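# Working through the structure, step by step
The chain contents come next:
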Amino acid sequence: MATDYYAVLGVRRDAGQDEIKKAFRRLARELHPDVNPDPKTQERFKEINAAYEVLSDPAKKQVYDLGGDPLSSSGGGGAGGFGAGFGNFSDIMDAFFGQSQQRGPRSRTRRGQDAMIRLEIELDEAAFGTTKDLQVDTAVTCGTCSGEGAAPGTAAQTCDMCRGRGEVSQVTRSFLGQVMTSRPCPQCQGFGTVVPTPCPECAGDGRVRSRRTLTVKIPAGVDNGTRIQLAGEGEVGSGGGPAGDLYVEIRELPHPTFQRRGDDLHCTVTIPMTAASLGTKCPLETLDGMEEIDVRPGTQSGQSIPLHQRGVTHLRGGGRGDLIVHVEVITPNKLDAAQEDLLRQLAKLRGEERPTGHFQPGQQGLFSRLKDAFNGR
């Protein structure tokens, strides 16, 4: 009884070539002798190879569909061996390693690598944006050979070992029969061409290192770690290939007065106890210029005073953050006799059991004397 090759591969009789190939590869992964050495499995493996040899060949498939035996007439090994009738060895390899590698020579032209440079800027530059000139040391196209890699007046030549194919083949014998394998040509490294006279400037690479100046626009609102992409300003590829991208990473330098938290700025002002009690105005140099901070009477240490729209510009969207001024009240730790007497009078006027945020009658004048005393008047 003739073998039902369609049943062997588990496909319908009207299956197309893609379906037949997919079924064969699935079974080959399961039944290959290197994966499953059981003798029964090896016989099954021979059957699926014979089935695939017939069904993957349109001429043999036609003979089989008409009731003939294409394997016996072809002189191949059929199900009994792995000789000339084995089928397409690349399909076996595809079953284990995926699609076959692309044949042919490799291109000498490659895209260049991306590059990154760190740029330090001041707080005000980050807040409002700026323009910087950068010195960049990257690979650029060789001006002597224009990226070709060959010395002027010469050119690349076809490799005489692989004849321009970029690969060489070797036939070996195995349990599968004669197997042809390919590998990159050792003489041209798979390019298919050789450069007998490399460019003396770039040694055949098609690029040289050079320092150049780039003008970079820093947008307002950048922060530590922000990266600015400059397309096509990175390393030029070998063989005159396109350049990669350049990334500028921002590093914001510490500020002597302000600490940045997001787009808000924070700072601390210190005032004496008398100023906190009576109220005062403190000058403060902000990013927008000199301003006076209004400290209201009775301000406590640790309180904060917000100055809206005095922070860093939002990187995305309009507006700015705020400037938060934290107040620190200084308590004197060394008092002379006069200062100590005035504080005792103040404590007596306030009353230990009557804490209040308002001055009692007679306290305003006493605070003025305290202020004069602490200021050395």
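The rules behind each value
Residues numbered from 1 in each chain as written. Predicted model: local features only at pLDDT ≥ 70, side-chain atom pairs only at ≥ 80, totals over all residues. Heavy atoms only, no water. Helix = DSSP H or I, 4+ residues; strand = E, 2+ residues; numbered from the N terminus. Buried < 20%, exposed > 50% of the residue type's maximum accessible area, 1.4 Å probe, protein only. Areas by Shrake-Rupley, 256 points an atom, 1.4 Å probe, with all protein chains shown as cover. Salt bridge = Lys/Arg side-chain N within 4 Å of Asp/Glu carboxyl O. Contact = heavy atoms within 4.5 Å. Pairing = 2+ DSSP bridges. Core = buried A, V, L, I, M, F, W, Y, C linked by side-chain atoms within 4.5 Å. pLDDT = per-residue confidence, 0-100.

## With respect to the overall build of the chain
For the chain, the helix and strand inventory stands at ten helices and 15 strands. Split into buried and exposed, the 377 residues of the chain put 37% on the buried side. As displayed, the chain offers around 22,200 Å² of accessible surface, 48% of which is attributable to carbon and sulfur atoms.

## As for the pattern of salt bridges
Inspection of the entire model under this criterion finds 24 salt bridges. Note that Lys281 is salt-bridged to Asp294, the shortest N-O span being 3.7 Å. Of the two residues, Lys281 is situated in strand E12 (residues 280–286) and Asp294 in strand E13 (residues 289–295); the sequence distance between them amounts to 13 residues.

## Describing the environment of Met116
Within the secondary structure, Met116 sits in strand E1 (residues 115–121). In this structure, the C-alpha to C-alpha distance between Met116 and Val248, residues 132 residues apart in sequence, is 5.8 Å. When sequence neighbours within four positions are dropped, the list of residues in contact with Met116 reads Arg227, Leu246, Tyr247 and Glu249.

## Concerning the pairing of strand E9 (residues 246–252)
Of all seven residues that make up E9, five are buried, and the element is covered over most of its length. Bridging between E1 and E9 involves seven bridges; their strand directions are parallel. Residue pairing in the sheet places Ile121 in a bridge with Glu252 of E9. As defined by bridge partners, strand E8 (residues 227–230) adjoins E9 across four bridges and the pair is classed as antiparallel. Directly across from Gln229, in E9, lies its bridge partner Tyr247.

## Description of the nonpolar core
Phe258, Leu265, Ile271, Ile293, Leu323 and Val325 are the most contacted members of the largest nonpolar core, which has 21 residues in total. Where this core is concerned, the elements lending two or more residues are helix H7 (123–128), strand E11 (264–272), helix H8 (273–278), E12, E13, strand E14 (304–307) and strand E15 (323–330). When near neighbours in sequence (up to four residues on either side) are disregarded, Ile293 contacts Thr280, Lys281, Cys282, Leu284, Ile305, Leu307 and Val325. Val8, Val11, Leu31 and Val54 belong to the second largest nonpolar core, which has 19 residues in total.

## Some points on the confidence of the model for the chain
A residue-level look at the chain finds 81% of positions with pLDDT of 70 or above and a mean pLDDT of 82. Within the chain, no element has a lower average pLDDT than helix H6 (residues 89–97), which sits at 49, and none a higher one than strand E10 (residues 259–261), at 97. With pLDDT under 50 throughout, residues 73–90 is counted as low confidence; its partners more than four residues away or in other chains account for 24 contacts. Low pLDDT, under 50, characterises residues 95–101; the predicted model gives this stretch twelve contacts beyond four residues in sequence or across chains.

## Observations regarding unusual backbone geometry
What is expected of a backbone is that most residues other than glycine have negative phi and most peptide bonds are trans. Backbone geometry places Arg163, a non-glycine residue, at a positive phi of 60 degrees. Take Arg163: it is sitting in the loop between strand E3 (157–158) and strand E4 (167–174). A relative accessible area of 66% places Arg163 in the exposed class. One non-glycine residue, Gln309, adopts positive backbone phi at about 60 degrees. Among the structural elements, Gln309 can be located in the loop between E14 and E15. The exposure class assigned to Gln309 is partly exposed, which follows from its relative accessible area of 39%.

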